[in-house]
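Geometric and topological summary
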Amino acid sequence: MLTRRSFLATSSLAAVAIAAKPKAPAPNPSTDLTNWPAVRANFAIDPTYIHLGLFYMASHPRPVQAAIEEYRRKLDANPFLTVERSMFEKPEDHLPTRACSTIANYIGGKPDDIALTQNTTTGLSLIYHGLPLKPGDEILTTNHDHYVHHEAIRYATERAGATWRKIPLFDSHDKISADDMVDRIRKAVGPKTRAVGVTWVHSSTGLKLPIRRIADAIAEVNKQRGDRVLLIVDGVHGIGVEDPNIVAMGMDAFAAGTHKWIFGPRGTGFAWAKGDVWATMRPLIPTFTSLDVFEAWSAEKTPAQPPRAAWFSPGGFWAFEHYWALPAAFGFHRRIGSARITERIHSLNEQMREGLAKMPHVILYTPRSNDLAAGIVCFDVKGMKQTEVVQRLLEKDRIIASTTPYAISYARVAFGIHNTPAEVEKTLAAVRALA
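Since the model is a prediction, treat every value here as computed from it, not as a measurement. (Residues numbered from 1 in each chain as written. Predicted model: local features only at pLDDT ≥ 70, side-chain atom pairs only at ≥ 80, totals over all residues. Heavy atoms only, no water.)

1. Focus on the overall build of the chain
- Looking only at helices and strands, one finds 16 helices and 13 strands in the chain.
- The dimensions of the chain, computed from C-alpha atoms along their principal axes, are 75 × 55 × 30 Å.
- The 435 residues of the chain split such that 57% are buried.
- Considering only intrachain contacts with a sequence separation of at least 6, the fraction spanning at least 24 residues in the chain is 72%.
- In the structure as shown, the chain presents an accessible area of about 18,500 Å², 55% of it carried by carbon and sulfur atoms.
- With 51 positive and 43 negative side-chain charges, the chain shows a spacing of 1 Å between the two charge centroids. (Helix = DSSP H or I, 4+ residues; strand = E, 2+ residues; numbered from the N terminus. Buried < 20%, exposed > 50% of the residue type's maximum accessible area, 1.4 Å probe, protein only. Contact = heavy atoms within 4.5 Å. Areas by Shrake-Rupley, 256 points an atom, 1.4 Å probe, with all protein chains shown as cover. Lys, Arg positive; Asp, Glu negative; His and termini not counted. Charge placed at Lys NZ, Arg CZ, Asp CG, Glu CD.)

Written out as structure tokens, the structure reads:
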């Protein structure tokens, strides 16, 4: 961690050190969260629409709004001292550490293994570009991952002179099985493979991968090798929906934005990796959160320690009020209860999947089982383009859906904790009317 004395300090700064330090915002006394109408009341969403775009960007709930505004007021009133004391002075007042601790507590990890980022895209890039790849190495991924995941792999392998390869996890949407997906990944790992990159919940189809089983399969492969194949996971559509004990799932590295299902401040995210994985990696962007790196630079030396997560948090000045407010978002989740959130999201989206499956004019692409599905439902209406489906739902019924941004695109909806079973039925009725 940086200190004011060693970073940005001048003799003139010492003169203002006695001013009052900023305090964390007080908890927002929002409504009781033991019932779902009270949860919904925490969101300032326009009630004249049915909001089904949680996979895109979430509304800030009231506690997050309050935390952002409190920090913004402090920054506007005294920007220099607020940043100084929150970033570069006493460890107990260091707000990035507080955010990392909150995230680590939620996912079952260690604060020292968390790097703060702006989004999933940045997190994946920091991880893949950090890998010690060399010519002849390979990264294995799948046909189903998002553009930014594929491009992060492509950029990293091209710069290192390595290669990458994609495989399909299934041949048709009606024949998806966990056994088959795990088997395909295990068989595809070759002698040159150094990492396997997958997505926990696919935004292309709503498919949820059995990450624990994939991690176990790769661990078995590693027993037969002299080196170690890493499992890297894009988790943005799983975190905030599924069991939060992410570290226990067995992957080696994980990246996610927090401005979707976590309801975090916009432009926030994190990357997690095992400590021994960070130690083998190479940072990409200079950081403001590690004294080790700054002191080495001051002494005109290379840092002696192995890299750690703090070295990978991008430096520079951010929208501080946003990522300092991250603990409020995770606190909001804790107050509702992770198990309740999972059950609610699964229930609403299962209701949607089951309703669509009964319509002869609809093709459902998301698996119907909760074991292979989470919070996203993808479908087509026969005889209509997916863009037309989305447009009709919006114009006629004020239902906000989306199309999947992939080469093969579908209509897509996502029901979250601010939605209701009645909204599911209204959406089903609107799709039914498209026959």
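2. Details of the packing of aromatic side chains
- Evaluation of the coordinates by the stated rule reveals 16 aromatic pairs.
- Here the aromatic rings of Tyr71 and Trp324 are separated by 5.5 Å at their centres, their planes lie at 70°, and the arrangement is edge-to-face. Residue Tyr71 is located in helix H3 (residues 62-77), and its partner Trp324 is located in the loop between helix H12 (320-323) and helix H13 (326-336); the two are separated by 253 residues in the primary sequence. Across the pair, Trp324 and Tyr71 agree in class, each one buried.
- Between the aromatic rings of Trp278 and Phe312, the centroid separation amounts to 4.6 Å while the plane-to-plane angle is 40°, which identifies the pairing as tilted. Pair noted here: Trp278 is in helix H10 (residues 275-278) and Phe312 is in the loop between helix H11 (291-298) and H12, with a separation of 34 residues, a long-range link. Phe312 matches Trp278 in its accessibility class, with the two residues each being buried.
- Here the aromatic residues Tyr71, Phe88, Phe288, Phe317, Trp318, Phe320, Tyr323 and Trp324 are joined through ring pairs into a cluster of three or more. (Phe/Tyr/Trp six-rings, centres within 6.5 Å; stacked < 30°, edge-to-face > 60°.)

3. Focus: the confidence of the model for the chain
- Predicted confidence across the chain gives a mean pLDDT of 92, with 93% of residues reaching 70 or more.
- Residue range residues 1-29 is modelled with pLDDT below 50. Its contacts to residues more than four positions away, or to other chains, number 59 contacts. (pLDDT = per-residue confidence, 0-100.)

4. Regarding the side chain of His361
- Looking at the secondary structure, you find His361 in the loop between helix H14 (338-357) and strand S9 (362-364).
- Within polar-contact distance, the side chain of His361 engages the backbone oxygen of Val431 at 2.9 Å.
- Setting aside residues no more than four positions away along its own chain, His361 makes contact with Asp380, Val381, Lys382, Val431, Arg432, Leu434 and Ala435. (Polar contact = N/O pair within 3.5 Å; in protein donor to acceptor, adjacent residues only side chain to side chain.)

5. A few points about the side chain of Thr199
- On the secondary structure map, Thr199 appears in strand S5 (residues 193-199).
- On the basis of relative accessibility, which here comes to 6%, the residue Thr199 falls in the buried class.
- Among the polar contacts made by the side chain of Thr199, one reaches the side chain of Asp145 at a distance of 2.5 Å.
- Discounting residues that sit within four places of it in the chain, Thr199 has contacts with Asp145, His149, Leu209 and Asp234.

6. Notes on the pattern of salt bridges
- Using the criterion set out here, one finds 26 salt bridges in the structure.
- Close ionic contact of Arg194 with Asp137 constitutes a salt bridge, the shortest N to O distance being 3.2 Å. Remark: Asp137 occurs in the loop between helix H6 (120-130) and strand S3 (138-142) and Arg194 occurs in strand S5; sequence separation between them is 57 residues.
- Across the salt bridge formed by Asp252 and Arg228, the nearest N and O atoms sit 2.5 Å from each other. Linking Asp252 in the loop between strand S6 (230-234) and strand S7 (253-257) with Arg228 in the loop between helix H9 (211-223) and S6, this pair joins segments that are 24 residues apart in sequence.
- The exposure class of Arg228 is partly exposed, given its relative accessible area of 33%. (Salt bridge = Lys/Arg side-chain N within 4 Å of Asp/Glu carboxyl O.)

7. Side note on unusual backbone geometry
- Positive phi outside glycine occurs at Glu300, with the angle close to 55°.
- Its location among the elements puts Glu300 in the loop between H11 and H12.
- One non-glycine residue, Arg398, lies in the positive phi region at around 55°.
- Positionally, Arg398 belongs in the loop between helix H15 (386-397) and strand S11 (399-400).
- With a relative accessible area of 34%, Arg398 lands in the partly exposed category.

8. Side note on the nonpolar core
- Counting 84 residues, the largest nonpolar core has Leu231 and Phe254 as the members making the most contacts within it.
- Broken down by element, the residue count for this core peaks at 7 residues, all from helix H5 (residues 95-107).
- Contacts of Phe254, omitting those with residues within four sequence positions, involve Ile127, Trp200, Val233, Gly235, Ile239, Ile246, Phe270, Ala271 and Trp272.
- Of all hydrophobic cores here, the second largest spans 26 residues; its members include Ala115, Trp278, Trp311 and Phe312. (Core = buried A, V, L, I, M, F, W, Y, C linked by side-chain atoms within 4.5 Å.)

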